[in-house]
Amino acid sequence: MIRVNHKGTRMDAEDYNTHGLGNVTEVVTHVKQVRKEGMGVVSMKLVGGGCVSNREDRKAAMRFAFKNASVDCVTIGYKNTAEIDEAIENLNLALA
């Protein structure tokens, strides 16, 4: 499992005591390296622990995870069934 999203929100940063953005490029490089080594990658914090508040950004995060970061699957938390429905739609768009 690795924290990855298109904006670096709530990803691991150099200084763990900060709310600064993570290094997206570095994380994607690590994802691609471990995939070359035959490991599967699960993305978490795809929508920054709920910080990505608009639909377009959530769609972009899903696309980024599968198309750019090349993860195998993602974990997403939900507060209601509407969020589940939206995530399914976003996933279908990302994989199309």
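Residues numbered from 1 in each chain as written. Predicted model: local features only at pLDDT ≥ 70, side-chain atom pairs only at ≥ 80, totals over all residues. Heavy atoms only, no water.

### Remarks on the overall build of the protein
Reasoning step 1: When helices and strands are tallied, the protein shows three helices and three strands.
Reasoning step 2: Going from N to C terminus, the protein has its helices and strands arranged as β-α-β-α-β-α.
Reasoning step 3: Expressed as a percentage of the 96 residues in the protein, the buried residues total 32%.
Reasoning step 4: Counting only contacts in the protein whose residues sit at least 6 apart along the sequence, the fraction spanning at least 24 positions is 65%.
Reasoning step 5: Roughly 6100 Å² of accessible area belongs to the protein as shown, and the carbon and sulfur atoms make up 51% of that amount. (Helix = DSSP H or I, 4+ residues; strand = E, 2+ residues; numbered from the N terminus. Buried < 20%, exposed > 50% of the residue type's maximum accessible area, 1.4 Å probe, protein only. Contact = heavy atoms within 4.5 Å. Areas by Shrake-Rupley, 256 points an atom, 1.4 Å probe, with all protein chains shown as cover.)

### A word on the nonpolar core
Reasoning step 1: Core analysis: the largest hydrophobic core is formed by 17 residues, its most contacted members being Val4, Val28, Phe64, Ala69 and Val71.
Reasoning step 2: Elements with a contribution of two residues or more to this core: helix H1 (24-36) and helix H2 (55-68).
Reasoning step 3: Broken down by element, the residue count for this core peaks at five residues, all from H2.
Reasoning step 4: Those residues in contact with Phe64 that sit more than four places away from it in its chain are Val4, Asn5, His6, Val24, Val28 and Ala69. (Core = buried A, V, L, I, M, F, W, Y, C linked by side-chain atoms within 4.5 Å.)

### Describing the environment of Val24
Reasoning step 1: Position of Val24 among the secondary structure elements: in helix H1.
Reasoning step 2: On the accessibility criterion, Val24 (17% relative accessible area) is buried.
Reasoning step 3: As a C-alpha pair, Val24 and Met11 span 13 residues in sequence and 8.2 Å in three-dimensional space.
Reasoning step 4: Other than its neighbours up to four places away in sequence, Val24 contacts Asn5, His6, Lys7, Gly8, Met11 and Phe64.

### Remarks on the sheet that holds strand S1 (residues 2-3)
Reasoning step 1: Here we have three strands laid out as an open sheet, ordered S1-S2-S3, and parallel in their pairing. Two strands bound the open sheet, and with one partner strand each, they are S1 and strand S3 (73-74). (Pairing = 2+ DSSP bridges.)

### Looking at the pattern of salt bridges
Reasoning step 1: Enumeration according to the criterion identifies seven salt bridges in this entry.
Reasoning step 2: Residues Glu86 and Arg55 are paired through a salt bridge, measuring 3.8 Å at the closest nitrogen-oxygen approach. You can see Glu86 sitting in helix H3 (residues 81-95) and its partner Arg55 sitting in helix H2, a full 31 residues away along the chain.
Reasoning step 3: With relative accessibility at 28%, the residue Arg55 sits in the partly exposed group.
Reasoning step 4: In this structure, Glu56 engages Lys59 in a salt bridge whose closest nitrogen and oxygen atoms are separated by 3.1 Å. Taken together, the residues span about one helical turn, with Glu56 and Lys59 both in helix H2 at a distance of three residues.
Reasoning step 5: Look at Glu56 and you get exposed, because its relative accessible area is 51%.
Reasoning step 6: Connected through shared salt-bridge partners, Arg55, Arg58, Glu86 and Glu89 make up one network. (Salt bridge = Lys/Arg side-chain N within 4 Å of Asp/Glu carboxyl O.)

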